[in-house]
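Working through the structure, step by step
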Amino acid sequence: MQGRKNSTRAKATVLVVEDELFVRMIAVDAIEDAGYATIEAQDADQALILLEVHDEIDLVFTDIKMPGTIDGLGLAYRVRERWPGLPLILTSGHLQREDATVPAPVPFLQKPYRAAALLAELARLLD
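Residues numbered from 1 in each chain as written. Predicted model: local features only at pLDDT ≥ 70, side-chain atom pairs only at ≥ 80, totals over all residues. Heavy atoms only, no water.

As recorded in an unreviewed UniProt entry, the protein chain goes by the name Response regulator receiver protein, listed as coming from Rhizorhabdus wittichii.

Structure below.
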């Protein structure tokens, strides 16, 4: 496992970072239905705080365009610097992968994405 997984837990924990409540709820439901645990953040600023206090987070799934002092790309770069082994998945409905400077080799899901595509990336990165 590439994240910071605690061997006493059965499944991984995913930090879902999304400012749109309805979109975040759909992602969280799909991830939890697949057996993963979730922690939610409404923006990248809150996500960074949660990452500091929750060492059980095994993957960060983040939107790119969000309000706050940093966006999802800024979050991705900070995660890469502070927790280099922590897997990331980026998503956006406003940008294409080629429109943003996405850290390689971070997976990118174009919104609207299918739950199956998200779960396939989670399984690939975590299982």
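**A word on the overall build of the protein chain**
When its secondary structure is counted, the protein chain shows four helices and five strands. Listing every helix and strand of the protein chain by position from the N terminus yields β-α-β-α-β-α-β-β-α. Residues classed as buried in the protein chain amount to 47% of the 127 residues present. Taking the intrachain contacts of the protein chain between residues at least 6 apart in sequence as the baseline, contacts between residues at least 24 apart amount to 62%. (Helix = DSSP H or I, 4+ residues; strand = E, 2+ residues; numbered from the N terminus. Buried < 20%, exposed > 50% of the residue type's maximum accessible area, 1.4 Å probe, protein only. Contact = heavy atoms within 4.5 Å.)

**Some thoughts on empty space enclosed by the protein**
Counted according to the given criterion, the structure contains one cavity of 30 Å³ or more. Of the voids in this model, the largest cavity is the one considered here, and its volume is about 30 Å³. Residue lining of the largest cavity: V16, E18, V23, R24, A27, F61, T91, K111 and Y113, and that is the complete set. When residues in the lining of the largest cavity are grouped by element, the largest group, three residues, is from helix α1 (residues 21–33). Split by residue class, the lining of the largest cavity holds five nonpolar, one polar and three charged. (1 Å grid on protein atoms, 1.4 Å probe; cavity = no way out; pocket = protein on both sides within 12 Å on 5 of 7 lines; lining within 4 Å. Points joined across faces, edges and corners; volume = space filled by probe spheres on them. Nonpolar A, V, L, I, M, F, W, Y, C, P; charged D, E, K, R; others polar.)

**Quick word on the environment of R82**
Examined against the element boundaries, R82 turns out to sit in helix α3 (residues 72–82). On the basis of relative accessibility, which here comes to 47%, the residue R82 falls in the partly exposed class. Here the alpha-carbon distance between R82 and E52, two residues 30 residues apart in the chain, equals 9.7 Å.

**Digging into the packing of α1 against helix α4 (residues 115–126)**
At their nearest, the axes of α1 and α4 sit 10 Å apart, and the two run at 55 degrees to each other. If you check the angle between α1 and α4, you find them oblique. In terms of crossing hand, the pair formed by α1 and α4 is right-handed. On the side of α1, the interface is formed by A27, A30 and I31, while α4 contributes A115, L118, L119 and L122. (Axes fitted to C-alpha atoms, helices over the stretch in contact; angles between N-to-C directions. Parallel < 35°, antiparallel > 145°, perpendicular 65-115°, else oblique. Left-handed = near helix turned anticlockwise from the far one by under 90°.)

**Remarks on the UniProt feature "modified residue: 4-aspartylphosphate" (unreviewed entry) in the protein chain**
The feature "modified residue: 4-aspartylphosphate" (unreviewed entry), as annotated in UniProt, sits at D63 in this numbering. Tracing the backbone shows D63 in strand β3 (residues 57–63). Apart from residues lying up to four places away in sequence, D63 is in contact with V17, E18, D19, G72, T91, S92 and K111. (UniProt positions renumbered as here; feature names shortened; annotations may be inferred.)

**Points about unusual backbone geometry**
A cis amide bond links K111 with the next residue in sequence, P112, at an omega value of -5 degrees. Locating P112 in the fold gives a position in the loop between β5 (108–110) and α4.

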